[in-house]
Structures are given as C-alpha cells and as structure tokens.
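Structural characterization, general
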Amino acid sequence: MITFDTEIRVWYVDTDQMGIVHHSNYIVYYEMARVEALRAWGMPYADMEAQGIISPILEIGSKYIYPAYFDEVLTVRVIVEEMPMVRFKVRYELYNEAGTLINTGHTWLGFLNGTTRRPCRAPQYLIEGLQAVGLE
C-alpha cells in the first residue's frame, strides 16, 4: 500500500446554501489529489495521455461522515493498495483541520487506448513507477 497526502482549501464557491461543502465537490477533491499523487510519484497524468492512454472513471463511491466548511484546509489522502491491470482502484480519506476523518471514497478507473477507445492494460511505466514508490 502507498499513500499520498495533499491539502485543499475549501473555496466559497464549493459550499452550498447551508454553508457546507456541496457533496459533488468531494469528487473534484478526489481527482485533484489523485493527479497530485501521480505527479509526486513521478508519473504525471499528462504524460500518460501524451503516450496515448486515457483513464476514464468507471465507478465512484463516497461516504459523508462530517461536513466541511468554507476556508477550511482539508487533507486528502490517496491510497493505492494493489497494482493496476486494466482497472485501477484508488481510495480516499479526507480529514479536516482538527484531524477528524470527514469523508471516505473510492474511484475505479479504466485504461483505454486514446485512439481506438478500446480497453488496454495499465501502461508499463505506471506499473514500474508504482513499484518504485513501494507498491508491491
């Protein structure tokens, strides 16, 4: 298992009329953190697309435990537990400034050839990069 933490400040536009983060924004936070994790691990998502591989979301799940509020700094933890094949599962944990777990989620991503739009295996450089940062 490998993890990566990134911080995201809640913007006013992210909140709803009740003053809490709207549920749809958690999915955006997941994506922001996942892209930052890949970059930090030396595998920018843009490089994968430049090599002709795209990675659409196949499934998303999210569990809301406590609300988040405007101007809070949230820590989004990205968790990868297994090597991707044709699909790639990523889990997420969001913590508020007090360190309280406020949300958990997951995404399943697929790998497609960008030209044919046909499923393909995870790019070898992604597998090697994940191994290099400790995923077995």
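To keep things clear, this report deals only with the structure shown in the data block. Just so you know, these numbers come straight off a predicted model, no measurement behind them.

1. Points about the environment of His106
- Note on placement: His106 falls in strand β6 (residues 101–110).
- When the C-alpha atoms of His106 and Glu36 are compared, they prove to be 16 Å apart, with 70 residues separating the residues in sequence.
- With sequence-adjacent residues up to four places away left out, His106 is seen in contact with Glu59, Ile60, Gly61, Lys89, Val90, Arg91 and Tyr92.
- Polar side-chain contacts of His106 include one of 2.9 Å to the side chain of Glu59.

2. A few points about the pairing of strand β4 (residues 73–80)
- Burial analysis of β4 places seven of its eight residues in the buried class, which makes it a mostly covered element.
- Here eight bridges tie strand β1 (residues 2–9) to β4, and the two strands are oriented antiparallel to one another. Across the sheet, the residue bridging to Asp5 is Arg77, located in β4.
- Pairing between β4 and strand β5 (residues 87–95): five bridges, direction antiparallel. Among the inter-strand pairings, Ile79 is bridged to a residue of β5, identified as Arg91.
- Remark: six residues form the turn of the hairpin made by β4 and β5, two consecutive strands paired antiparallel.

3. Considerations on the side chain of Asn103
- The topology assignment puts Asn103 in strand β6.
- Within the structure, Asn103 has its side chain in polar contact with the side chain of Ser62 (distance 3.1 Å).
- Not counting residues within four places of it along the chain, the set of residues in contact with Asn103 comprises Tyr26, Tyr30, Ser62, Lys63, Tyr64, Ile65, Tyr92, Glu93 and Leu94.

4. Overview of helix α3 (residues 124–132)
- Within α3, burial applies to Leu126, Ile127, Gly129 and Leu130. Take α3 and look down its axis: the buried residues cluster within an arc of 165°, on one side only.
- Buried residues along α3 sit against β1, α1 (24–40) and β5.
- Just downstream of α3, Gly134 is the residue with a positive phi angle, here 115°.

What counts and how
- Residues numbered from 1 in each chain as written.
- Predicted model: local features only at pLDDT ≥ 70, side-chain atom pairs only at ≥ 80, totals over all residues.
- Heavy atoms only, no water.
- Helix = DSSP H or I, 4+ residues; strand = E, 2+ residues; numbered from the N terminus.
- Contact = heavy atoms within 4.5 Å.
- Polar contact = N/O pair within 3.5 Å; in protein donor to acceptor, adjacent residues only side chain to side chain.
- Buried < 20%, exposed > 50% of the residue type's maximum accessible area, 1.4 Å probe, protein only.
- Pairing = 2+ DSSP bridges.
- Arc of directions from axis to C-beta.

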